[in-house]
Amino acid sequence: MRTIAASLFISLDGVVENPGDWHFPYFNDEMGEAVSGQMADTLLLGRKTYDSFAGAWPGIEAAGGEDAGYAKSLGDARKIVVSRQDLEFTWRNSELLRGDLAEAVTALKNEPGGRIAVSGSVSVIRQLLRAGLLDELHLLVHPIAVRKGERLFDEGDETIPLELVKSETFSTGVLYLVYRPAKAA
C-alpha cells in the first residue's frame, strides 16, 4: 500500500497561510534538501496550491535555471487536484480527483506506485488527518510568530494524537519535525 506524506511551512504560532510572505529569509540548503526529499511520483494538491504551483513551476522549468531540475520533477509527477469545481489544466500530468475525497484517496493508496506527497493544501491535509489517511506530517517550523492567517489546526471537537518520529534543527533556527498518527492515549 502506498503512503501519503504531507509537508508544510508553518510559523511558530501555527500559521500556514501565505508562507511566501514570511518563509524565504529562513530558506537555505538544509531546507532545500528536506523539501527535495519529499518529492514523490504522485502529488495530491488542493486547487489553490495547484494554481500557485502551475503558475510558477512550468516557467521555472522552461527558464532552465538552478531550480529547473526540481521544476521538471514536479512537472513529470502525476498531479491530482482536489476541487469541487471542474478545472481546465495547463500543467502536464494534472487531473481532477473525482468523487468523495476519502474514497478516492483510499483507492489511490491501493494503486501501484510510490509515495504520495501533499504540499501546502491545508484543507486537504485536515481532511486526510480526520479520515485517518495521512501517514506522515512533515512540518518545517519557522522561528517567527506571524500572528494572522490560517492555522494548520482549526477549532474542532476531536483531538488528533501524533507521534514524533524525526526532528532536526537547521542553522536558521527552523525545526524539521516529522509526525505519524498515534493511538489515542
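You'll find the structure just up there.
Definitions and cut-offs
- Along each chain, residues carry numbers from 1 onward, in the same order as the chain's sequence is written.
- Totals for whole chains, interfaces and linings use every residue, but because this is a predicted model, local features are given only for residues with pLDDT of at least 70 and side-chain atom pairs only at 80 or more, for both listing and counting.
- Note that water and hydrogens are dropped before the side-chain values are worked out from all heavy atoms of the structure.
- In this text, helices come from DSSP runs of H or I with a minimum length of four residues, and strands from runs of E with a minimum of two, each type numbered from the N-terminal end.
- In this scheme, a residue with accessible area under 20% of its type's maximum is buried, one over 50% is exposed, and one in between is partly exposed, where area comes from a 1.4 Å probe on protein chains only.
- Here a pair means two rings of Phe, Tyr or Trp (six-membered ring of Trp) with centres within 6.5 Å. Their orientation is stacked below 30 degrees between planes, edge-to-face above 60, and tilted elsewhere.
- Whether a charge sits over a ring comes down to the Lys NZ or Arg CZ being within 6 Å of the ring centre and within 35 degrees of the ring normal.
- One requirement defines pairing of two strands: DSSP has to find at least two bridges between them.
- Axis lines are fitted through C-alpha atoms, for helices just across the contact stretch, and the angle between N-to-C directions can take any value from 0 to 180 degrees.
- For this analysis, residues touch if any pair of their heavy atoms sits within 4.5 Å.
- Here roughly perpendicular refers to angles of 65 to 115 degrees, roughly parallel to angles under 35, roughly antiparallel to angles over 145, and oblique to all remaining angles.
- Crossing handedness is defined as follows: a turn of the near helix away from the far one that is anticlockwise and smaller than a right angle gives a left-handed crossing, while the clockwise case is right-handed.
- Note on residue classes: Ala, Val, Leu, Ile, Met, Phe, Trp, Tyr, Cys and Pro are nonpolar, Asp, Glu, Lys and Arg are charged, and everything else, Gly too, is polar.
- Cavities and pockets are defined on a 1 Å grid built over the protein atoms alone: a cavity is a set of grid points where a 1.4 Å probe fits but cannot escape, while a pocket is an open set with protein on both sides within 12 Å along at least five of seven lines, and lining residues are those with an atom within 4 Å of any such point.
- Grid points are joined across faces, edges and corners, and a volume is the space filled by probe spheres set on the points.
- Any N or O atom pair separated by 3.5 Å or less is treated as a polar contact, with the protein-specific requirement of one donor-capable and one acceptor-capable atom, and with residues adjacent in sequence counted only for side-chain atom pairs.
- To be clear, the arc concerns the directions from the helix axis to the C-beta atoms.

A.B. asks: Please clarify how unusual backbone geometry should be interpreted in this entry.
C.D. replies: Most peptide bonds are trans, and most residues other than glycine sit at a negative phi. The phi dihedral of Asn-18 falls on the positive side, at around 50°, and the residue is not glycine. With respect to the element layout, Asn-18 can be found in the loop between strand 1 (4–11) and helix 1 (29–36). For Asn-18, a relative accessible area of 46% corresponds to the partly exposed category.

A.B. asks: Whenever I open this one, the packing of aromatic side chains confuses me. Can you help?
C.D. replies: Remark: the centre distance and the inter-plane angle together describe each pair of aromatic rings, the angle taken between the planes. Applying the stated rule across the entire model yields four aromatic pairs. Here the aromatic residues Tyr-50, Phe-89 and Trp-91 are joined through ring pairs into a cluster of three or more. If you follow Lys-79 out to its NZ or CZ, it ends over the ring of Trp-91, 4.5 Å from the centre.

A.B. asks: Looking at this structure, how should I read the sheet that holds strand 1?
C.D. replies: On the basis of which strands lie adjacent, the open sheet formed by eight strands has the order 4-3-2-5-1-6-8-7 and mixed pairing. Only two strands of the sheet have a single partner each, and these edge strands are strand 4 (94–96) and strand 7 (162–169). In this sheet, neighbouring strand axes are inclined to one another by 25° on average, regardless of whether the strands run parallel or antiparallel. Where strand 7 and strand 8 (residues 175–181) come together, seven bridges link them in antiparallel fashion. Paired with Ser-167 across the strands is Leu-177, a residue of strand 8. Taken strand by strand, helix 1 contacts strand 1, strand 6 (136–142), strand 7 and strand 8, and its axis lies near 160° from that of strand 6.

A.B. asks: I would appreciate a short explanation of the packing of helix 2 (residues 47–63) against helix 3 (residues 68–76) in the present structure.
C.D. replies: At a minimum axis separation of 8 Å, helix 2 and helix 3 run at an interaxial angle of 125°. With respect to helix 3, the axis of helix 2 lies oblique. Note that helix 2 runs across helix 3; the crossing there is left-handed. Every residue of helix 3 that contacts helix 2 at Trp-57, Ile-60 and Glu-61 is listed here: Ala-68, Tyr-70, Ala-71, Lys-72 and Leu-74. Here the residues of the contact of helix 2 with helix 3 sort into six nonpolar, no polar and two charged.

A.B. asks: Honestly, the layout of surface pockets in this entry has me stumped. Any pointers?
C.D. replies: The gaps left among the atoms become clear once a water-sized probe is rolled over them. Put simply, the second largest pocket is a space of about 180 Å³. Lining of the second largest pocket is provided by Arg-126, Leu-129, Arg-130, Phe-153, Asp-154, Glu-155, Gly-156, Asp-157, Glu-158, Thr-159 and Ile-160. A breakdown of the residues in the lining of the second largest pocket according to their chemical character gives three nonpolar, two polar and six charged.

A.B. asks: What is the right way to read the environment of Asp-135 from this model?
C.D. replies: As for its placement among the helices and strands, Asp-135 is situated in the loop between helix 5 (122–131) and strand 6. A polar side-chain atom of Asp-135 sits 2.9 Å from a polar atom in the side chain of Lys-109.

A.B. asks: Looking at this structure, I do not really get helix 4 (residues 101–109). What am I missing?
C.D. replies: Given 3.6 residues per turn, any residue in an α-helix points the same way as the ones three and four places further on. What helix 4 keeps buried is the set Leu-101, Ala-104, Val-105, Leu-108 and Lys-109. Projected down its long axis, helix 4 shows its buried positions confined to an angular sector of 140°, all on one face. Where the residues of helix 4 are buried, they touch strand 1, strand 2 (42–46), strand 3 (78–82), strand 5 (116–119) and helix 5. A side-chain oxygen of the first residue of helix 4 lies 3.2 Å from the backbone nitrogen of Ala-102; this N-cap is Asp-100.

A.B. asks: Any chance you could explain helix 3 here in plain terms?
C.D. replies: Regarding helix 3, the residues found buried are Ala-68, Ala-71, Leu-74 and Gly-75. Summarising the axial view, the buried residues of helix 3 lie within an arc of 115°, below the 170-degree limit, and thus occupy one face. Against the buried residues of helix 3 lie strand 2, helix 2 and strand 3.

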